[in-house]
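Residue-level structure breakdown
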2 protein chains.
Amino acid sequence: MRHGHKWGNKLRGCGFRLTIGREAIVDILSHTNSHMSAEDIFFALHADSPNIGLTTVYRTLELLEKNGIVSKYEFGHGRAKFELTEAYGNKPHHHHLICRKCGTIIDYSDFMEDELAYLKKTEAGLGKKYKFTIHQHSISFFGICEKCGAS
Amino acid sequence: MRHGHKWGNKLRGCGFRLTIGREAIVDILSHTNSHMSAEDIFFALHADSPNIGLTTVYRTLELLEKNGIVSKYEFGHGRAKFELTEAYGNKPHHHHLICRKCGTIIDYSDFMEDELAYLKKTEAGLGKKYKFTIHQHSISFFGICEKCGAS
DNA sequence: ATTGATAATGAAAACCATTTTCAATAAGGT
DNA sequence: ACCTTATTGAAAATGGTTTTCATTATCAAT
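Residues numbered from 1 in each chain as written. Chains lettered and ligands numbered in written order. Predicted model: local features only at pLDDT ≥ 70, side-chain atom pairs only at ≥ 80, totals over all residues. Heavy atoms only, no water.

Applying the stated rule across the entire model yields 12 salt bridges over all chains. A:Lys121 is paired through a salt bridge with B:Asp114; the nearest N and O atoms lie 3.2 Å apart. Residue A:Lys121 is located in helix H5 (residues 112-130), and its partner B:Asp114 is located in helix H5 (residues 112-130); the two belong to separate chains. The network of salt bridges with common partners includes A:Glu83, A:Lys91 and A:Asp107. (Salt bridge = Lys/Arg side-chain N within 4 Å of Asp/Glu carboxyl O. Helix = DSSP H or I, 4+ residues; strand = E, 2+ residues; numbered from the N terminus.)

This paragraph deals with the packing of aromatic side chains. For the structure shown, the criterion picks out 7 aromatic pairs over all chains. Considering the side-chain rings of A:Tyr73 and A:Phe75, the 5.4 Å spacing of their centres and the 10° angle between planes classify their relative orientation as stacked. With 6.2 Å between their ring centres and 50° between their planes, B:Tyr108 and B:Phe141 make a pair best called tilted. Here B:Tyr108 is found in strand S4 (residues 105-108), whereas its partner B:Phe141 is found in strand S5 (residues 133-144), with 33 residues between them in sequence. An identical accessibility class is assigned to B:Tyr108 and B:Phe141; each is buried. The ring of B:Tyr88 has B:Lys6 sitting right over it, with the charged end atom 5.2 Å from the ring centre. (Phe/Tyr/Trp six-rings, centres within 6.5 Å; stacked < 30°, edge-to-face > 60°. Buried < 20%, exposed > 50% of the residue type's maximum accessible area, 1.4 Å probe, protein only. Lys NZ or Arg CZ within 6 Å of the ring centre and 35° of its normal.)

So, about the protein's contact with DNA strand C. Near DNA strand C you find 19 residues, and of these A:Tyr58, B:Arg22, B:Asn51, B:Thr56 and B:Arg59 are the closest. In the interface set of DNA strand C, defined as its atoms within 4 Å of the protein, sugar plus phosphate atoms amount to 66%. Between a phosphate oxygen of DNA strand C and a main-chain N or O atom of A:Leu18, the distance comes to 2.9 Å. Those elements giving two or more residues to the surface near DNA strand C turn out to be helix H4 (54-66) of chain A together with helix H4 (54-66) of chain B. The class makeup of the residues in the surface near DNA strand C is 6 nonpolar, 6 polar and 7 charged. (Near = heavy atom within 4 Å. Polar contact = N/O pair within 3.5 Å; in protein donor to acceptor, adjacent residues only side chain to side chain. Nonpolar A, V, L, I, M, F, W, Y, C, P; charged D, E, K, R; others polar.)

What follows deals with empty space enclosed by the protein. Residues and elements named next belong to chain B. Applying the stated rule across the entire model yields 1 cavity of 30 Å³ or more. Lining the largest cavity are Leu 29, Ser 30, Thr 32, Ser 34, Glu 83, Leu 84, Gly 89, Asn 90 and Lys 91. Among the elements of the structure, helix H2 (20-30) and strand S2 (81-84) are those that each provide at least two residues to the lining of the largest cavity. Residues belonging to the lining of the largest cavity are distributed by class as follows: 2 nonpolar, 5 polar and 2 charged. (1 Å grid on protein atoms, 1.4 Å probe; cavity = no way out; pocket = protein on both sides within 12 Å on 5 of 7 lines; lining within 4 Å. Points joined across faces, edges and corners; volume = space filled by probe spheres on them.)

Quick look at the structure:
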């Protein structure tokens, strides 16, 4: 399996090396369905790979992000969170519901038909009007989750 | 004018004091139409009010944010950016187009009818399904601006 | 106006996620 | 196996933001 990953081929195609650390990090990301911080990944890794440093985790995440393999989110609770992109992960297209109190992040994939219609029009219009090449969008809703109670 | 601000009344109503620093900071924010970082505000202030420290700027922005007077954005170019909320500022409802290369932020208010329709349905649906009280949404598009050239 | 309780402030230090440095190590083409 | 060079870990540096603490300012009550 060492050379069979889609993401691995992508990296190697760009001249990067396929290392044990990089494999372990992507492996962690592909076996979780939560959003992990660099530190989360570092600790998750530490049991099986105590020799992979936090620095490497940061560097790898940066590399993966630049190559479109992971997405980085800064929801504002201190640390950035990461997840595999749709093309390389196993999660369907989704957006986020973030609790302002406890920081819980809920993924949702509902209402995507409505979103698609809205995005299609908007992206096209914005791109043309502002001469902007749009690569990505971010849609998030902030509020209070059930557990934290409404206010 | 010292006691005539909507935002000032809001703060006083919550037991907070109306200070020179807070007035100066809101004043700066209400006379700019760009998104300012705490440091930006600190320097803009420094000419007329050299006695207001960066610490106070941070503390004031936090207070204003908690009271719904400013919005804080973390677009990922290091420093957080702030602007008055729709209710207290002079800018119409808008969203952001962020350049991945140079960090330029373009406000846009186009296609709001489409957005409204989409949001209305989505927020209602999400709120019900996930028992989430939605207070805010954030819609941003990331890409490359005209100046930075497409890729 | 003055006073008094206490909220707000500035300066400096602390915090803490993330980056950089640098010498040692490992990947992978030959 | 060898060699070039990308990658790594540890430790130090960075830099935005927060905390500490003694001082100052706000404003309700007088």
